[in-house]
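Chains, contacts and geometry: an overview
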Amino acid sequence: MLGLMGVQSYRDLEVWRQSMDLAETVWRLSARFPAQERYGMTSQLRRAATSVPANIAEGAQRNGTGEYLQFLGIASGSLAETETFLLLAERLNLLPPERSKAALEQADAVGRMLSGLKRSLQTRKRSGK
């Protein structure tokens with residue numbers, strides 16, 4: 001699937017790299033959450049953030065464009081979940097506004113790249129390539 005896009009591996013995709021950076025940011029930020037949040041907010045936020053690059057990678061390894069698009073849709077959903085948890089963490093004073101803002105800006109950039117990749121694949125699918 002990837003060879004058609006001119007890349008050899010999902011690791012070559014900028015959207016995957018940026019989503020890995022976001023996941024790393026989330027892990028570092030959530031490490032500062034109170035211990036009682038370890039199995040609540042911390043776990044939920046980390047799971048959502050790591051799901052984004054994982055689904056991009058898994059979709060890239062699938063055989064067809066339709067499957068790839070499905071996994072990119074899941075990645076987009078996980079990204080929205082990550083953003084929601086970041087906003088909630090800010091509301092609960094687990095994150096200072098400046099830290100959540102920076103992470104949300106990263107998430108926004110990943111979202112734009114995901115949207116662009118999905119559009120590109122949908123166009124390719126419609127043209128039968």
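Residues numbered from 1 in each chain as written. Predicted model: local features only at pLDDT ≥ 70, side-chain atom pairs only at ≥ 80, totals over all residues. Heavy atoms only, no water.

This part covers the overall build of the chain. If you tally the helices and strands in the chain, you get four helices and zero strands. Along the first, second and third principal axes, the C-alpha set of the chain runs to 50 × 20 × 20 Å. In the form shown here, the chain has an accessible surface area of approximately 7200 Å², with 49% of it arising from carbon and sulfur atoms. The positive charge centre, built from 18 side chains, and the negative charge centre, built from 13, are 4 Å apart in the chain. (Helix = DSSP H or I, 4+ residues; strand = E, 2+ residues; numbered from the N terminus. Areas by Shrake-Rupley, 256 points an atom, 1.4 Å probe, with all protein chains shown as cover. Lys, Arg positive; Asp, Glu negative; His and termini not counted. Charge placed at Lys NZ, Arg CZ, Asp CG, Glu CD.)

In this section: the packing of aromatic side chains. Here the structure, examined in full by the defined rule, presents one aromatic pair. Measuring from centroid to centroid gives 5.3 Å for tyrosine 10 and tryptophan 16, while their planes differ by 75°, and the two rings are edge-to-face. You can call tryptophan 16 buried: its relative accessible area is 14%. Residue placement shows arginine 11 over the ring face of tyrosine 10; its charged tip is 5.4 Å from the ring centre. (Phe/Tyr/Trp six-rings, centres within 6.5 Å; stacked < 30°, edge-to-face > 60°. Buried < 20%, exposed > 50% of the residue type's maximum accessible area, 1.4 Å probe, protein only. Lys NZ or Arg CZ within 6 Å of the ring centre and 35° of its normal.)

Our focus in this paragraph is helix α4 (residues 97-127). Taking 1.5 Å as the rise per residue, α4 with 31 residues should run 45 Å; its terminal C-alpha atoms sit 45 Å apart, in good agreement. Restricting attention to buried positions, one finds in α4 the residues Ser100, Ala103, Leu104, Ala107, Val110, Gly111, Leu114, Leu117, Lys118, Leu121 and Arg124. Immediately downstream of α4, the backbone of glycine 128 shows phi near 80°, a positive value. (Expected span 1.5 Å × (residues − 1).)

Our focus in this paragraph is the pattern of salt bridges. Oppositely charged side chains are able to pair whenever their charged atoms sit close together. Summed over all chains, the structure comprises six salt bridges. Arginine 17 is paired through a salt bridge with glutamate 14; the nearest N and O atoms lie 3.9 Å apart. Pair noted here: arginine 17 and glutamate 14 are both in helix α1 (residues 14-30), with a separation of three residues, about one helical turn. Judged by its relative accessible area of 38%, arginine 17 is partly exposed. Each member of the salt-bridge network shares a partner with another, and the members are Glu58, Arg62 and Glu67. (Salt bridge = Lys/Arg side-chain N within 4 Å of Asp/Glu carboxyl O.)

Okay, unusual backbone geometry next. Non-glycine residue asparagine 93 carries a positive phi angle of around 60°. If you trace the backbone, asparagine 93 turns up in the loop between α3 (65-91) and α4.

A word on the environment of glutamine 8. With respect to the helices and strands, glutamine 8 occurs in the segment before α1. Separated by 97 residues in the primary sequence, glutamine 8 and glutamate 105 have C-alpha atoms spaced 28 Å apart.

The pLDDT averaged across the chain works out to 93; a share of 94% of its residues lies at or above 70. Per-element confidence in the chain ranges from a low mean pLDDT of 94 for α4 to a high of 98 for α1. (pLDDT = per-residue confidence, 0-100.)

Ile56 and Leu114 are the most contacted members of the largest nonpolar core, which has 33 residues in total. Where this core is concerned, the elements lending two or more residues are α1, α2 (41-60), α3 and α4. Not counting residues within four places of it along the chain, the set of residues in contact with isoleucine 56 comprises Leu13, Val15, Trp16, Ser19, Tyr68, Leu72, Ala75 and Leu114. (Core = buried A, V, L, I, M, F, W, Y, C linked by side-chain atoms within 4.5 Å. Contact = heavy atoms within 4.5 Å.)

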